[in-house]
Every structure is written in C-alpha cells, then in structure tokens.
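Tertiary structure, described
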Amino acid sequence: MHPALPERWESRALRVAMSEEDWQRLESLIQRIACDEPTQARALGATLAYLMNHESATPAEPGPLDWLDWERRKTLQTLRLLRPGA
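Residues numbered from 1 in each chain as written. Predicted model: local features only at pLDDT ≥ 70, side-chain atom pairs only at ≥ 80, totals over all residues. Heavy atoms only, no water.

**Comments concerning the confidence of the model for the protein chain**
The share of residues in the protein chain with pLDDT of 70 or more is 84%, and the mean pLDDT across the chain is 85. Confidence, expressed as mean pLDDT per element, reaches its minimum in the protein chain at helix α3 (residues 67-82) with 82 and its maximum at helix α1 (residues 20-34) with 95. (pLDDT = per-residue confidence, 0-100. Helix = DSSP H or I, 4+ residues; strand = E, 2+ residues; numbered from the N terminus.)

See below:
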C-alpha cells in the first residue's frame, strides 16, 4: 500500500449502505475531522475511530424498547386475547 500503513494497522474492504443525507453528513465529518490524512481510506478510518472513541467516552443511557420489541409484545398480547389459555 502506498503510503505504507503504520505498524499494527490493517486495511479491510467495507461496504456500507445508508441514506444520501447520512453520506453527506459522513463526508462532512471526514472533512472536519481527518482532512489531513494522506488517503480517503485513512480519512474514513480516522473518522470512524474518532466516532467510536467519542461513543465509548459517553455511555448511552438505557432507552425505551425499540420498535421490534414493541411489535413482539403487541403480537404476544394479541395472541393471548385470541387464544385464552395459550
């Protein structure tokens, strides 16, 4: 690879799908956080590392159940109403 990767670095192919708006946000972050990196791949890696470090520094508060958990609970309640004793 040119330029050579620093020791203990690894390059991997990564395929990501997201909205056009999110891509624009990511590209804006790359320009703000890692514009001095020598390659686009390193700039993306530096930005992802920054985001992961920032995320781990601020633990997430337990939030409400996600929609799939809600759907499961709703389905179970509906089944209980339709099949008493089940």
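**Digging into the pattern of salt bridges**
Following the criterion strictly, the structure yields four salt bridges and no others. The partner of Asp-22 in a salt bridge is Arg-25, with the nearest N and O atoms 3.0 Å apart. In this pair, Asp-22 and Arg-25 are both assigned in helix α1, three residues apart and thus about one turn of the helix distant. Owing to a relative accessible area of 28%, Asp-22 belongs among the partly exposed residues under this scheme. (Salt bridge = Lys/Arg side-chain N within 4 Å of Asp/Glu carboxyl O. Buried < 20%, exposed > 50% of the residue type's maximum accessible area, 1.4 Å probe, protein only.)

**Observations concerning a nonpolar patch on the surface**
A contiguous nonpolar surface patch, about 630 Å² in accessible area, is contributed by Leu-14, Val-16, Met-18, Leu-48, Tyr-50, Leu-51 and Met-52. Examined against the element boundaries, Tyr-50 turns out to sit in helix α2 (residues 40-57). (Patch = residues over 30% accessible without salt bridge, like charges linked within 9 Å, V, L, I, M, F, W, Y side chains within 5 Å. Areas by Shrake-Rupley, 256 points an atom, 1.4 Å probe, with all protein chains shown as cover.)

**A look at the layout of surface pockets**
Size it by volume and the largest pocket reaches roughly 570 Å³. In terms of lining residues, the largest pocket is bounded by 19 residues, among which Glu-10, Ser-11, Ala-41, Arg-42 and Gly-45 are the most central. Quantified by volume, the second largest pocket comes out at close to 240 Å³. As for the second largest pocket, its lining consists of Leu-14, Arg-15, Val-16, Met-18, Asp-22, Trp-23, Arg-25, Leu-26, Leu-29, Leu-44, Leu-48 and Leu-51. Counting residues per element, the ones that place at least two in the lining of the second largest pocket are α1 and α2. Counting residues per element, the lining of the second largest pocket draws most heavily on α1, at five residues. In the lining of the second largest pocket, the residues fall into nine nonpolar, no polar and three charged. (1 Å grid on protein atoms, 1.4 Å probe; cavity = no way out; pocket = protein on both sides within 12 Å on 5 of 7 lines; lining within 4 Å. Points joined across faces, edges and corners; volume = space filled by probe spheres on them. Nonpolar A, V, L, I, M, F, W, Y, C, P; charged D, E, K, R; others polar.)

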